[in-house]
Amino acid sequence: MSAVPGLQEDCEELLGAFQEADTVRFERFAELWRERRFHTIFYGRIRALERNKLTKKTLEVAQQYFLPPYAFQIRVGALYLLYGLYSTQLCQPKQKIRIALKDWPEIHKFQQDLINSQHYDAAYIFRTLRLARAFHFTAMPKLLNYRTKKKIQENEFKEEFKEPSNRVNSLITNDVLEELMNIHDHYQKMKCVISTDKSRPDKALSLIKDDFVSTLKHITLEHQEWQQNRMKLFLNAKETDEMLNKKEEGNLLESEGSERANALARIKYKSYSAVVEASKSRRHRQVKLESSESGSNYGKSLSRSKKTSRRAQLARKRDSLGIKGEMQGAKETVTQHIGMPVITEENSDEEEVSLPKRRRC
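Just so you know, these numbers come straight off a predicted model, no measurement behind them.

Rules and cut-offs
Residues numbered from 1 in each chain as written. Predicted model: local features only at pLDDT ≥ 70, side-chain atom pairs only at ≥ 80, totals over all residues. Heavy atoms only, no water. Patch = residues over 30% accessible without salt bridge, like charges linked within 9 Å, V, L, I, M, F, W, Y side chains within 5 Å. Areas by Shrake-Rupley, 256 points an atom, 1.4 Å probe, with all protein chains shown as cover. Salt bridge = Lys/Arg side-chain N within 4 Å of Asp/Glu carboxyl O. Lys, Arg positive; Asp, Glu negative; His and termini not counted. Charge placed at Lys NZ, Arg CZ, Asp CG, Glu CD. Helix = DSSP H or I, 4+ residues; strand = E, 2+ residues; numbered from the N terminus. Buried < 20%, exposed > 50% of the residue type's maximum accessible area, 1.4 Å probe, protein only. Phe/Tyr/Trp six-rings, centres within 6.5 Å; stacked < 30°, edge-to-face > 60°. Lys NZ or Arg CZ within 6 Å of the ring centre and 35° of its normal.

## Observations concerning a negative patch on the surface
So, point 1. Taken together, Glu 20, Glu 239, Asp 241 and Glu 242 make up a surface patch of like negative charges.
So, point 2. Examining the composition of the negative patch, we find that three residues originate from one element, helix α9 (residues 212–273), more than from any other.
So, point 3. Relative to the helices and strands, Glu 20 is located in helix α1 (residues 7–20).
So, point 4. For Glu 20, a relative accessible area of 66% translates into the label exposed.

Structural data, given as structure tokens:
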């Protein structure tokens, strides 16, 4: 019914908890309201238009439980719910509770029942709403527009909240039993008048039992108890079915999770145990799975390769040093040919060597 997801479920959950409390006191409803922080239902709407739409829808959902065919306790809880929603709404001006004129006589009768049953806290809440002008009296329960075809959704009544339909209780009420008792007493007196013994009626005139009214009252009370026990059994069976369904769902989830975990384990085992052959162009990236023995051999080969690399480096250094020496010798020879002549000391016995003279052109 509600366009807001979870709105009707939250209202029904609160009213269901109030019904389980088996009371109509406002104090208990206020405790349930505070436990669920129900005043935060209007939070999260920033724009004024969204707040107005949400508040109207919330009051409409709560208002349906305030009318028949719901039970008396549910209607009292709906009255408290309307009071709480109207007081905590964030709209300015406040959105009002829509009440059709055809429903007002039933609401007025409900108010009289509250006063007669001495539920003064509920009667005070109703009077507070009336004084605050919280009700908006309209011709129709829902807004109708001119020349528009709109499919009106029928309200789906929650069976647990409805007043149990009991034809026996509707026919045999306290007023009816009292009237039957008066008629029966008058009937007994008339039989005594027309009988020979004025103190008691004749046996020929005793067409019905003397305890007819008390027997009828006893049978009615037994029927009420039977119906209440039947409703309790129905609710218990429904709760057990829900618990079994939850357990089955949990078992299914666990089985699915275990199957998925086993499948992942198999996939990982296959992926880590198998060695993928790389292509020729990517063989230098191939990963090999080696045992501990191959690991030791691999370490020995590494040490050998290191030794050979060191020897090669020493040989290269030697070669470079030899090349450098040859280069230095060549440089010295070149300087000898190109540079100034070197004068050497000679012995006196040797002949002096005269330098050649330059020719003049």
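## Let's talk about the pattern of salt bridges
So, point 1. Tallied over the entire structure, the rule returns eight salt bridges.
So, point 2. Residue Arg 36 is joined to Glu 13 by a salt bridge in which the shortest nitrogen-to-oxygen separation is 2.8 Å. Placement of Arg 36 in the loop between α2 (26–35) and α3 (48–63) and of Glu 13 in helix α1 is noted, with a sequence separation of 23 residues between them.
So, point 3. Given a relative accessible area of 29%, Arg 36 falls into the partly exposed group.
So, point 4. Among the salt bridges present, the one from Glu 106 reaches Arg 75, with a minimum N-O distance of 3.7 Å. Separated by 31 residues along the polypeptide, Glu 106 in helix α5 (residues 104–116) and Arg 75 in helix α4 (residues 72–88) bring together distant segments of the chain.
So, point 5. Three or more residues are tied together by salt bridges with common partners; here these are Glu 13, Glu 35 and Arg 36.

## Some words on the packing of aromatic side chains
So, point 1. The final tally for this structure, using the stated rule, is 16 aromatic pairs.
So, point 2. For the ring pair Phe 66 and Phe 110, a centre distance of 5.6 Å and an interplane angle of 90° mean the geometry is edge-to-face. With Phe 66 in the loop between α3 and α4 and Phe 110 in helix α5, the pair connects residues that are 44 residues apart, well separated along the chain. By the burial criterion, Phe 66 is buried, and Phe 110 matches it.
So, point 3. Ring geometry for Phe 135 against Phe 137: centres 6.5 Å apart, planes inclined by 40°, an arrangement best described as tilted.
So, point 4. Phe 135 gets classed as buried once you look at its relative accessible area, which sits at 8%.
So, point 5. Put simply, the rings of Phe 18, Phe 26, Phe 29, Trp 33, Phe 38, Tyr 80 and Tyr 83 pair up and form one aromatic cluster.
So, point 6. Against the face of Tyr 86 rests Lys 94, its NZ or CZ located 5.7 Å from the ring centre.

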